[in-house]
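Now for the letters of each chain:
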Amino acid sequence: MGKVLKGILKDSKEFYEQEKKSIEKELSKLPNGSIKKRKIGDSYYYYFQYRKEKKIIHDYLGKSEPKELDKKIKKRKALKKELKKVQDSLKLLSKVK
């Protein structure tokens, strides 16, 4: 394999490693869980549901839809997909010698 190609592969690997660190840092700042909507009587109530060790925790959020939290959860899901792509790319690059 030529020097130029090896250089390109090395740069690509460095890029993806940096991207992985950046995504993981961003993920650590975002909530891990989901929003659950329950109907009790004639009203809807919102809860933030997440795991803490082996238990599932339900934190009451109120009657109004938690739009800001929903945005953060959606962003986390998108970043998780992106992280998977980056990890797949790194795996592929590690196979190339």
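Above this text sits the structure in question.
Summary of the structure given here. All figures in this text were calculated on a predicted structure; none of them were measured in a lab.

**Let's talk about the environment of K13**
Along the polypeptide, K13 turns up in helix α1 (residues 3–29). Placed 80 residues apart in sequence, K13 and L93 show a C-alpha to C-alpha distance of 6.5 Å. In this view, K13 contacts L90 and L93; residues no more than four positions away in its chain are not counted.

**Section: the sheet that holds strand β3 (residues 55–62)**
Read across the sheet, three strands follow the order β1-β2-β3 without closing on themselves; strand pairing throughout is antiparallel. With partners counted over all chains shown, the strands left at the sheet margins are β1 (34–40) and β3, one partner each. Adjacent strand axes in the sheet meet at a mean angle of 35 degrees when their direction is disregarded. Relative to strand β2 (residues 43–52), β1 is paired through seven bridges, and the arrangement is antiparallel. Within β2, the position partnered with I35 by the bridge is F48.

**A look at helix α2 (residues 67–95)**
Its 29 residues place the ends of α2 43 Å apart at the C-alpha level, agreeing with the 42 Å of an ideal helix rising 1.5 Å per residue. All buried positions along α2 are accounted for by L69, I73, R76, L79, L83, V86, L90 and L93.

**What about the packing of α1 against α2?**
The relative placement of two packed helices comes down to the angle between their axes together with the axis-to-axis distance. Where α1 meets α2, the closest approach of the two axes is 9 Å, and the angle between their N-to-C directions is 155 degrees. Relative to α2, α1 is oriented roughly antiparallel. The interaxial crossing formed by α1 with α2 has left-handed handedness. Here α1 contributes L9, S12, K13, Y16, E17, E19, K20, I23, E24, E26 and L27 to the contact with α2, which in turn contributes K75, R76, L79, K80, E82, L83, V86, Q87, S89, L90 and L93. Here the residues of the contact of α1 with α2 sort into nine nonpolar, three polar and 10 charged.

**Some words on the pattern of salt bridges**
Under the counting rule described, the total for this entry stands at three salt bridges. Two residues, K84 and D88, come together in a salt bridge whose shortest N-O distance is 3.0 Å. Taken together, the residues span about one helical turn, with K84 and D88 both in helix α2 at a distance of four residues.

About the cut-offs
Residues numbered from 1 in each chain as written. Predicted model: local features only at pLDDT ≥ 70, side-chain atom pairs only at ≥ 80, totals over all residues. Heavy atoms only, no water. Helix = DSSP H or I, 4+ residues; strand = E, 2+ residues; numbered from the N terminus. Contact = heavy atoms within 4.5 Å. Pairing = 2+ DSSP bridges. Axes fitted to C-alpha atoms, helices over the stretch in contact; angles between N-to-C directions. Expected span 1.5 Å × (residues − 1). Buried < 20%, exposed > 50% of the residue type's maximum accessible area, 1.4 Å probe, protein only. Parallel < 35°, antiparallel > 145°, perpendicular 65-115°, else oblique. Left-handed = near helix turned anticlockwise from the far one by under 90°. Nonpolar A, V, L, I, M, F, W, Y, C, P; charged D, E, K, R; others polar. Salt bridge = Lys/Arg side-chain N within 4 Å of Asp/Glu carboxyl O.

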